[in-house]
Amino acid sequence: MDTTPREGLDERLAHPRYPRSNGYDAHWVVENQMGPNALWLLEWLAPALGLEELRPGARVLDLGCGRAMTSVFLAREYDAQVTAADLWIAPDDNARRIAEAGFADQVLPVHAEAHDLPFAEASFDAIVSIDAYQYFGTNDLYLPTLTRLLKPGGRIGVVVPALREEPAGTEPPEHLAPWWEPDWWCFHSPDWWRRQWTRSGAVEVEAADWLQDGWRDWLLWCEIVAEASPEEFHRTMARRVAEAVRADEGRALGFVRLVGRRR
């Protein structure tokens, strides 16, 4: 395969807002991506979630971990014991990636569906979900079933693709109509997410905020993936999403960070 487009990838992905993420090989990050840059999003989440406050060896559930990049990040940056749970990626595949990264003793990959998690109550000090929670967490009844896995006082933190405001009616924002996919209806505003988590009674909401200029990060990432991903599917998807984000210019699309503490 011609690797010319990947030259200088580390420099292109270096981002002043995400210094920890800059320490990871850019080729590895692009090859293992499954959506918006998960390391950038986790690094944005970390201070609000209080990851620096966790004791060494704290147990963290990485829910919807994809190819386990975020799980490796949690182990490397915060010395956590991570359960890397995903439905789409086989545990054997993730185990190989985790071992190659040097964290086989800290990250356990498991195959799990988000509505059927095989863990006991109060198993985890924290729960993290990056670019996945929107696929299963919009159900009003879901959060209490998940946060039972947290120790009392433990935090859950997620980052999801989002809309700045909730669209009125049943049509997408007019300027996004050419690219709108039905599953984009799971994108919601910060206020929507805050209300949903508050109504659940399961957590005290500590953050429900918008990533300033997050669309610029999203566009940069899509442009790089469209050029450098080794998988045609990801290159094609990145080009299409880049068109939508470029046309939107932050009017509607971005990211929401949510943090809640188990009552």
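Just above sits the structure.
Residues numbered from 1 in each chain as written. Predicted model: local features only at pLDDT ≥ 70, side-chain atom pairs only at ≥ 80, totals over all residues. Heavy atoms only, no water.

*Asks:* Give a detailed account of the nonpolar core, specifying residues and quantitative values.
*Replies:* Residues Leu42, Leu45, Leu74, Val128, Ile130 and Leu253 are the most contacted members of the largest nonpolar core, which totals 64 residues. Ranked by size, the runner-up nonpolar core spans 32 residues in total, among them Ala114, Leu146, Ile156 and Trp197. (Core = buried A, V, L, I, M, F, W, Y, C linked by side-chain atoms within 4.5 Å. Buried < 20%, exposed > 50% of the residue type's maximum accessible area, 1.4 Å probe, protein only.)

*Asks:* Go over the pairing of strand β2 (residues 81-86), please, and point to the residues and values.
*Replies:* Extensive coverage of β2 is indicated by the burial of 5 of its 6 residues. Bridge analysis of strand β1 (residues 59-63) against β2 gives 5 bridges, and the strand direction is parallel. Each residue of the ladder has a partner; that of Val60, found in β2, is Val82. Following the chain from β1 across helix α4 (residues 69-78) to the adjacent parallel β2, one finds a crossover that is right-handed. Inspection of the sheet shows β2 paired to strand β3 (residues 107-111) by 5 bridges, in the parallel sense. Paired with Ala85 across the bridge in β3 is Val110. Of the crossover connections in this fold, the one passing from β2 over helix α5 (residues 91-101) to the parallel β3 is right-handed. (Helix = DSSP H or I, 4+ residues; strand = E, 2+ residues; numbered from the N terminus. Pairing = 2+ DSSP bridges. Right-handed = clockwise from strand over helix to strand, strands pointing away.)

*Asks:* So, the pattern of salt bridges: which residues are in play, and what are the values?
*Replies:* The tally for this structure, following the rule as stated, stands at 19 salt bridges. Taking the shortest distance from any N to any O, the salt bridge between Arg67 and Glu231 comes out at 3.1 Å. Note that Arg67 is positioned in the loop between β1 and α4 and Glu231 in the loop between α8 (214-228) and α9 (232-248), a separation of 164 residues in sequence. Here Arg67 falls in the buried class, since its relative accessible area comes to 16%. For Glu231, a relative accessible area of 27% translates into the label partly exposed. Bridged by salt links that share partners, the residues Arg20, Glu52, Arg76 and Glu77 form one connected network. (Salt bridge = Lys/Arg side-chain N within 4 Å of Asp/Glu carboxyl O.)

In short, shape yes, function no, at least from these values alone.
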